[in-house]
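# Inside the fold
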Amino acid sequence: MDKAKQFELGLGPDPRLPFEFELKRSARRKTLEVRVASGNVSVRAPQYVSTAEIKKFLSERSAWVQQKLAEQQTRLADVPVRTFDEGSPWPLMDSTLSLRIDIGSCGRCKAIDDTLCVQLNQQKLINTDPKELIREQLEGWYRAQAQAILLQKSQVFADNINKAFQEVRVRKTKTRWGHCTSKGVLQYNWLILLAPEAVVDYLVAHEVSHLKHFNHSRQFWQQVEQLCPDYLQHRKWLKNYGFSLWF
């Protein structure tokens, strides 16, 4: 959030707060919370908390916030550069595909060996930015891959623990990598396919384990470990590098 917007919220530039942040108030929230994720700082606050109290809260945690921002900036240096240009590398779990762009009568995307071939509709190029069309085709392809791959992996893990799920859905979300509903619907963020396959397996093991334990109890984590013995390593990877799985 830019400084002008902060000022509108009554939280403009402050020498005690050498970072930008986003404020979200909620009538249901009872406590103040600061989060640092993907190089961004956000504050969750109850409706009744004053601006002065929020500033004091952030000032007391300023050193911690700056440390987390520095750590994330270091990790950002390790993030591979991905573009929508010819030859750009795009990951699919443990594979890397090279992007190839063609012009044709229709828009489509398919993988041929180690090449991700995107064909752009010639007519649409007249009024549309090519990169937007490339993004559109890539998104459709990744969604389709995610639907097939995550369904198959979910079935394997669910069979392992003798549980059934209703269906698998894929979408792109801002805050969750996966979710299991009380009705047994498994939902996944299809961006997870940009992560190593072991991390994908951890996510599926996590959500499938909720079919048996609809909580995060000790029994739940034991179930996750049974399905994914190295889950702690992959859980840590997702926490530290999940922000790099962008599209």
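Residues numbered from 1 in each chain as written. Predicted model: local features only at pLDDT ≥ 70, side-chain atom pairs only at ≥ 80, totals over all residues. Heavy atoms only, no water.

Inspection of every chain in the model, using the stated rule, returns 10 aromatic pairs. Judged by centre distance (6.2 Å) and plane angle (65°), the rings of Trp90 and Trp246 are edge-to-face. Note that Trp90 is positioned in strand β4 (residues 89-92) and Trp246 in the segment after α7 (231-241), a separation of 156 residues in sequence. Assessed through its relative accessible area of 0%, Trp90 is described here as buried. Members of the aromatic cluster, connected to one another through ring pairs, are Phe84, Trp90, Trp141, Tyr142, Trp190 and Trp246. (Phe/Tyr/Trp six-rings, centres within 6.5 Å; stacked < 30°, edge-to-face > 60°. Helix = DSSP H or I, 4+ residues; strand = E, 2+ residues; numbered from the N terminus. Buried < 20%, exposed > 50% of the residue type's maximum accessible area, 1.4 Å probe, protein only.)

Quick look at the pairing of β4 now. Both β4 and strand β5 (residues 95-104) contribute to a ladder of four bridges, which runs antiparallel. Of the residues in β5, the one forming a bridge with Leu92 is Ser95. Where β4 hands over to β5, the hairpin turn is made up of two residues, of which Met93 adopts a positive phi near 55°. (Pairing = 2+ DSSP bridges.)

The next thing to look at is helix α3 (residues 62-76). Each α-helix winds once per 3.6 residues, and so residues spaced three or four apart point in a common direction. Taking 1.5 Å per residue as the helical rise, α3 with its 15 residues ought to reach 21 Å, and the 21 Å between its terminal C-alpha atoms agrees with that figure. When α3 is considered as a whole, its buried residues turn out to be Ser62, Val65, Leu69, Gln72 and Arg75. Summarising the axial view, the buried residues of α3 lie within an arc of 150°, below the 170-degree limit, and thus occupy one face. In α3, the exposed residues that point more than 90 degrees away from the buried face are Ala63 and Thr74. Where the residues of α3 are buried, they touch β2 (33-37), β3 (40-46), α2 (51-60) and α7. (Expected span 1.5 Å × (residues − 1). Arc of directions from axis to C-beta. Contact = heavy atoms within 4.5 Å.)

Here three strands make up an open sheet; going across it, the order is β8-β10-β9 and the pairing mixed. Each edge of the sheet is formed by a strand with only one pairing partner; in this case those strands are β8 (167-171) and β9 (178-180). On average, each strand axis in the sheet is inclined to that of its neighbour by 15°, with strand direction left out of account. The sheet contact formed by β8 and strand β10 (residues 185-189) spans five bridges and is parallel. Bridge pairing in β10 links Arg169 to Gln187. (Axes fitted to C-alpha atoms, helices over the stretch in contact; angles between N-to-C directions.)

A few words now on the sheet that holds strand β1 (residues 22-26). With respect to topology, three strands assemble into an open sheet ordered β1-β3-β2, the strand pairing being mixed. Strands at the two margins of the open sheet, each flanked by one partner only, are β1 and β2. If you compare each strand with its neighbour and ignore which way they point, the axes differ by 20° on average. Bridge count between β2 and β3: five bridges; the pairing is antiparallel.

We now examine the nonpolar core. Most often, soluble globular proteins have nonpolar side chains that are buried together. In terms of nonpolar packing, the biggest core is built from 50 residues, with Leu138, Tyr142, Ile192 and Val208 touching the most fellow members. Element by element, the count of residues in this core is highest for helix α4 (residues 130-160), at 10 residues. Excluding anything up to four places from it in sequence, Val208 contacts Ser154, Phe157, Ala158, Ile161, Leu186, Tyr188 and Leu227. Grouped together as the second largest cluster of nonpolar side chains are 16 residues, Phe21, Leu23, Val36 and Val65 included. (Core = buried A, V, L, I, M, F, W, Y, C linked by side-chain atoms within 4.5 Å.)

It is worth spelling out the pattern of salt bridges at this point. A full pass over the atoms with the stated rule returns 12 salt bridges. Across the pair Glu71 and Lys68 runs a salt bridge, and its minimum N-O distance is 3.7 Å. Here Glu71 and its partner Lys68 are both found in helix α3, three residues apart, which amounts to about one turn of the helix. Note on Glu71: relative accessible area 31%, which makes it partly exposed. Put simply, Lys131 and Asp85 hold a salt bridge, and the shortest N to O gap is 3.0 Å. (Salt bridge = Lys/Arg side-chain N within 4 Å of Asp/Glu carboxyl O.)

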